Amino acid sequence: MKVEKSTALLERYGGIIPGGVHSNFRQPVYFERASGSRLYDVDGNEYIDCVVNNGACILGHGDPDVAAEVKKALQQGLTSGIESELSLKVAKQLHDMIPSAEQVRFANAGTEAVMKSLMLARCFTGREKIIKVEGAYHGWFDEAQVSVHPEPGAAGPPDRPIPVPSTGGIRQNTVDTVLIIPFNNLEALEYTLAANKGEVAALLLEPVVFNSGCIMPRPGYLEGVRRLTQKYDVVWIMDEVITGFRLAPGGAQERFGVTPDMSVFAKAIANGWPLSAVVGRKDIMSLSHPGGKVLYGGTYNGSQATLAAAHACLEKLKTGRIQKHLQALTDRLQDLFRERVQDRGLAARLEQFGGQYQVFFTDREIFDYRTACAADRESYLVFQQTVREQGIWMSDGYLFHHGVTDAHTDEDLDQIITAYDRGLAKVAERIRTRPASGRPA
Ligand SMILES: Cc1ncc(COP(=O)(O)O)c(C=O)c1O
């Protein structure tokens, strides 16, 4: 892999942009263009993209139908700060696709939509506290930055985690309003709800925790969450920013058959264009009616080019064909990976669902944040670096998630698995040659 031009750009601009990146989840490699499943950087390297805009790209880069509708919108000259028929039509698409979407309002980023859903839940219930899952990420605002990936030693017992700020600059009184639970543990949820009875506004929950790689809900878990949130009269906000449209046209709520009170969608809604949506029960959503109790503003909410992208994207997503293709791709990837791991006698697993996945270096079952973060991080980094040298774009975060798009083919998958096999060989070599005391447990 050539790196000269990216390195020179980082040297030139790194002094004015911390780390040379505008999000801490990016690597300082500078890209020039993208097409289908491929990314091309300034050094002329071609990669098969497995980060897919952090899950936002679902159709493939530069999808022609999305590009055509965006071009049309640009020619019409409308940008933001106004409504159009398009902003009503896209809301109707969401209403028709998503089980919980009695009403719909747009924002730009997932972060904004989650923030507003919490404010609506607080106003609706007249309560302040929220419950959040340890290891889940819901954006970069204050409450969401509690117990994202805490150091387990500082985060309390696994079944009674304590809130830990994940960033500097967060107000302690914000941290104090966030209650933390382990995923897949209904006993801990009920304990927390009972101990804070009458004080909890909302439970914020990612139905599959892709923000700790990929943690599946155990059978009955989401149904149990629904039952308990109803029993304690707490608003359940399902964060579908990643699961939305990937798991089914109506998101995880359709795929698992469980309907929350409110949900938040972003990322794949517009194939990478910045659009998000808060959707949910009419009695809660209507608090944001103009002149109502909750102020809902935003110059760029539902800007016209992003809505055009969403309109084209949702038209393609609503049939369910794409979701089947994504699932088939990651099913196959998991099978091939398992074979390679067995051949090499390694402790590794590829967890996946609906076209999103992550590789973990552990042979233990992963069912919550503590079991995910116990995977071997060093092995993951060796793997990731080797794979990247083979032209596969992967995240260097061992708790990050990867994905495929509708543009990924079986041939792409063959290339990915060949690269993964080299990565596994490198990990096996490292384990063989490491002093016995340094071996992972
Ligand atoms: C589940 C989830 N919720 C919310 C967010 C925040 O979305 P955004 O990055 O668009 O602000 C993310 C981003 O990765 C996410 O994965």
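The preceding data block contains the structure.
Residues numbered from 1 in each chain as written. Predicted model: local features only at pLDDT ≥ 70, side-chain atom pairs only at ≥ 80, totals over all residues. Heavy atoms only, no water.

K.L.:
Explain the site of the ligand here, please?
P.N.:
Taken together, Ala109, Gly110, Thr111, Tyr137, His138, Gly139, Glu206, Asn211, Asp239, Val241, Ile242 and Lys267 make up the full set of residues adjacent to the ligand. Here Asp239 contributes a side-chain N or O atom positioned 2.6 Å from a nitrogen atom of the ligand. Lys267 places a side-chain nitrogen or oxygen 2.8 Å from an oxygen atom of the ligand. Relative to its free-state accessible area of 390 Å², the ligand is covered by the protein chains to the extent of 85%. Residue classes in the shell around the ligand are distributed as four nonpolar, five polar and three charged. (Near = heavy atom within 4 Å. Polar contact = N/O pair within 3.5 Å; in protein donor to acceptor, adjacent residues only side chain to side chain. Areas by Shrake-Rupley, 256 points an atom, 1.4 Å probe, with all protein chains shown as cover. Nonpolar A, V, L, I, M, F, W, Y, C, P; charged D, E, K, R; others polar.)

K.L.:
Just to check I follow, could you spell out the pairing of strand S12 (residues 356-360) for this structure?
P.N.:
Working note: regular strand, side chains alternate between the two faces of the sheet. Within S12, five of the five residues are buried, which leaves the element mostly enclosed by the surrounding structure. Neither face of S12 is left uncovered, since the one carrying Gln356, Gln358 and Phe360 and the one carrying Tyr357 and Val359 both have all their residues buried. Two strands pair when backbone bridges link them, and strand S11 (residues 349-353) and S12 are joined in this way by five bridges, in the antiparallel orientation. Its bridge partner being in S12, Gln352 is matched across the sheet by Tyr357. Adjacent in sequence and paired antiparallel, S11 and S12 are bridged by two residues, among which Gly354 carries a positive phi angle near 60°. Across two bridges, the pairing between S12 and strand S14 (residues 402-403) is antiparallel. (Buried < 20%, exposed > 50% of the residue type's maximum accessible area, 1.4 Å probe, protein only. Helix = DSSP H or I, 4+ residues; strand = E, 2+ residues; numbered from the N terminus. Pairing = 2+ DSSP bridges.)

K.L.:
Help me understand helix H6 (residues 186-195), please; the structure alone is not making it clear to me.
P.N.:
Helical periodicity: at 3.6 residues per turn, an α-helix aligns residues three or four positions apart in one direction. Those residues of H6 lying buried are Ala188, Leu189, Thr192 and Leu193. Each buried residue of H6 sits inside an arc of 130° when the element is viewed along its axis, so together they form one side. If you follow the buried residues of H6, they end up packed against strand S5 (129-133), strand S6 (178-181), strand S7 (200-205) and helix H7 (221-231). Of the residues that open H6, the one with a side-chain oxygen 3.2 Å from the backbone nitrogen of Glu187 is Asn185. (Arc of directions from axis to C-beta. Contact = heavy atoms within 4.5 Å.)

K.L.:
I'm lost on the packing of aromatic side chains in this one. Help?
P.N.:
When we look at a pair of aromatic rings, we describe it by the centre distance and by the angle of the planes. As enumerated under the stated definition, the model contains 12 aromatic pairs in all. Centre to centre, the rings of Phe337 and Phe383 are 6.3 Å apart; their planes meet at 90°, and the pair counts as edge-to-face. With Phe337 in helix H11 (residues 321-344) and Phe383 in helix H13 (residues 377-389), this pair connects stretches of sequence that are 46 residues apart. Residue classification places Phe337 among the buried positions, given a relative accessible area of 1%. (Phe/Tyr/Trp six-rings, centres within 6.5 Å; stacked < 30°, edge-to-face > 60°.)

K.L.:
Just checking my understanding: could you explain the pairing of strand S8 (residues 235-239) for this structure?
P.N.:
Burial analysis of S8 places five of its five residues in the buried class, the great majority of the element. Both faces of S8 are covered, namely the face carrying Val235, Ile237 and Asp239 and the face carrying Trp236 and Met238. For S7 and S8, the ladder comprises four bridges, and the chain directions are parallel. Each residue of the ladder has a partner; that of Leu205, found in S8, is Met238. Traced from S7 through H7 to S8, the parallel crossover comes out right-handed. Across three bridges, the pairing between S8 and strand S9 (residues 262-265) is parallel. Across the sheet, Asp239 pairs through a bridge with Val264, a residue of S9. Between the parallel elements S8 and S9, the chain passes through helix H8 (residues 251-256) in a crossover that is right-handed. (Right-handed = clockwise from strand over helix to strand, strands pointing away.)

K.L.:
What is the right way to look at the sheet that holds S14 in this model?
P.N.:
For sheets, the rule is that strands pair by backbone hydrogen bonds, running either parallel or antiparallel. One open sheet holds the three strands; their spatial order is S11-S12-S14, and the pairing between them is antiparallel. This sheet does not close on itself; its edge strands, each paired only once, are S11 and S14.

K.L.:
Even after reading the chapter, I still don't get the pattern of salt bridges, so can you show me in this structure?
P.N.:
Once their charged atoms are close, side chains differing in charge can pair, the charge on each being opposite to the other. In total, this model carries 25 salt bridges according to the counting rule given. In this structure, Asp63 engages Lys316 in a salt bridge whose closest nitrogen and oxygen atoms are separated by 2.8 Å. On the criterion of sequence distance, the pair formed by Asp63 in the loop between strand S3 (46-49) and helix H2 (64-76) and Lys316 in helix H10 (residues 304-317) is long-range, its members being 253 residues apart. A relative accessible area of 26% places Lys316 in the partly exposed class. (Salt bridge = Lys/Arg side-chain N within 4 Å of Asp/Glu carboxyl O.)

K.L.:
Where do I start with the nonpolar core in this structure?
P.N.:
Among soluble globular proteins, nonpolar side chains are generally buried collectively. Counting residues in each nonpolar core, the largest one holds 97 residues, and the members touching the most others are Phe245, Phe337, Phe383 and Tyr420. Top contributing element to this core by residue count: H10, with nine residues. Here this core spans two domains, and each of domain 1 (4-62 + 320-438) and domain 2 (64-317) adds at least three residues to it. Setting aside anything within four residues of it in sequence, one finds Tyr420 in contact with Cys50, Phe337, Leu350, Tyr357, Val359, Phe383, Val387, Ile392 and Met394. Listed in part, the 29 residues of the second largest apolar core include Ile130, Ile170, Ala201 and Ile284. (Core = buried A, V, L, I, M, F, W, Y, C linked by side-chain atoms within 4.5 Å. Domains from an automatic or database assignment.)

K.L.:
Explanation requested: the sheet that holds S6 in the structure shown.
P.N.:
The strand order S4-S10-S9-S8-S7-S5-S6 describes an open sheet built from seven strands, whose pairing is mixed. The open sheet is flanked by strand S4 (103-107) and S6, the only strands paired with a single partner. Averaged over all pairs of adjacent strands, the angle between strand axes in this sheet comes to 20°, irrespective of strand direction. Pairing of S4 with strand S10 (residues 276-280), which is carried by five bridges, proceeds in the antiparallel orientation. Following the sheet pairing, Val104 is matched in S10 by Val279. Contacts between helix H3 (residues 85-97) and the sheet are confined to S4 and S10, with S4 contributing the most and set at about 125° to the helix. Lying over the sheet, H6 contacts S5, S6 and S7, oriented at roughly 155° with respect to S6. (Axes fitted to C-alpha atoms, helices over the stretch in contact; angles between N-to-C directions.)

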